[in-house]
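# Results of the structural survey
Here's the letter readout for the chains.
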Amino acid sequence: MQNKKRIAALIICIVFVVTIALSYGFIITHSEHECVGESCKICLELSTAVNTFNRLKNIVPFVLVIGIALLLMLTASLKLYYTEADIDIKSTPVLLKVKLRN
């Protein structure tokens with residue numbers, strides 16, 4: 001199950017990077033074309049590529065904020081769990097340097 005999630009995440013990352021690379025390449029190679037009018041297909045594709053970048057710029061900060069919020073909630077819940085379980089980490093035999101003899 002864990003490997004399937006990793007493979008899915010890797011595929012999503014690859015698609016993301018390829019989309020960005022191909023969009024940049026298209027914009028660079030077709031930025032100085034001669035437009036034929038209102039129904040220019042190259043201009044339409046250029047605007048689509050630019051809109052893709054604008055959408056990605058809006059999504060990335062949102063994902064970062066959600067990720068940080070989830071991380072903070074996870075750490076807070078772990079602290080609550082371990083304090084409610086009354087686990088005293090400071091009193092382990094190793095930390096107290098107690099010799100256990102038979």
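Because the structure is predicted, anything quoted here is derived from the model rather than measured.

## Topic: the overall build of the protein
- If you tally the helices and strands in the protein, you get 3 helices and 0 strands.
- Reading the protein from its N end, one meets helices and strands in the order α-α-α.
- When the 102 residues of the protein are sorted by exposure, 6% land in the buried category.
- Taken as a whole, the protein presents about 9,600 Å² of accessible surface, with 68% of it coming from carbon and sulfur.

## Regarding a nonpolar patch on the surface
- Together, Ile 59, Phe 62, Val 63, Ile 66, Leu 70 and Met 73 line one region of the surface with nonpolar side chains, adding up to about 610 Å² of accessible area.
- Residue classification places Ile 66 among the partly exposed positions, given a relative accessible area of 39%.

## Thoughts on the environment of Thr 19
- As for its position among the elements, Thr 19 is in helix H1 (residues 2-30).
- Residue classification places Thr 19 among the partly exposed residues on the basis of a relative accessible area of 34%.
- On a C-alpha basis, the gap between Thr 19 and Phe 53 in space is 9.7 Å, while along the polypeptide they are 34 residues apart.
- Within polar-contact distance, the side chain of Thr 19 engages the backbone oxygen of Val 15 at 2.7 Å.

## Things to note about the environment of Thr 48
- By the secondary structure assignment, Thr 48 is in helix H2 (residues 41-84).
- Residue class for Thr 48 comes out partly exposed when judged on its relative accessible area of 39%.
- On a C-alpha basis, the gap between Thr 48 and Ser 23 in space is 9.0 Å, while along the polypeptide they are 25 residues apart.

## Section: the confidence of the model for the protein
- In this model, the protein carries a mean pLDDT of 78, and residues with pLDDT of at least 70 account for 78%.
- The weakest mean pLDDT in the protein belongs to helix H3 (residues 93-96) at 68; the strongest belongs to H1 at 84.

## A few points about the side chain of Ser 23
- Along the polypeptide, Ser 23 turns up in helix H1.
- Setting aside its immediate chain neighbours within four residues, Ser 23 contacts Ala 49 and Phe 53.

The rules behind the values
- Residues numbered from 1 in each chain as written.
- Predicted model: local features only at pLDDT ≥ 70, side-chain atom pairs only at ≥ 80, totals over all residues.
- Heavy atoms only, no water.
- Helix = DSSP H or I, 4+ residues; strand = E, 2+ residues; numbered from the N terminus.
- Buried < 20%, exposed > 50% of the residue type's maximum accessible area, 1.4 Å probe, protein only.
- Areas by Shrake-Rupley, 256 points an atom, 1.4 Å probe, with all protein chains shown as cover.
- Patch = residues over 30% accessible without salt bridge, like charges linked within 9 Å, V, L, I, M, F, W, Y side chains within 5 Å.
- Salt bridge = Lys/Arg side-chain N within 4 Å of Asp/Glu carboxyl O.
- Polar contact = N/O pair within 3.5 Å; in protein donor to acceptor, adjacent residues only side chain to side chain.
- pLDDT = per-residue confidence, 0-100.
- Contact = heavy atoms within 4.5 Å.

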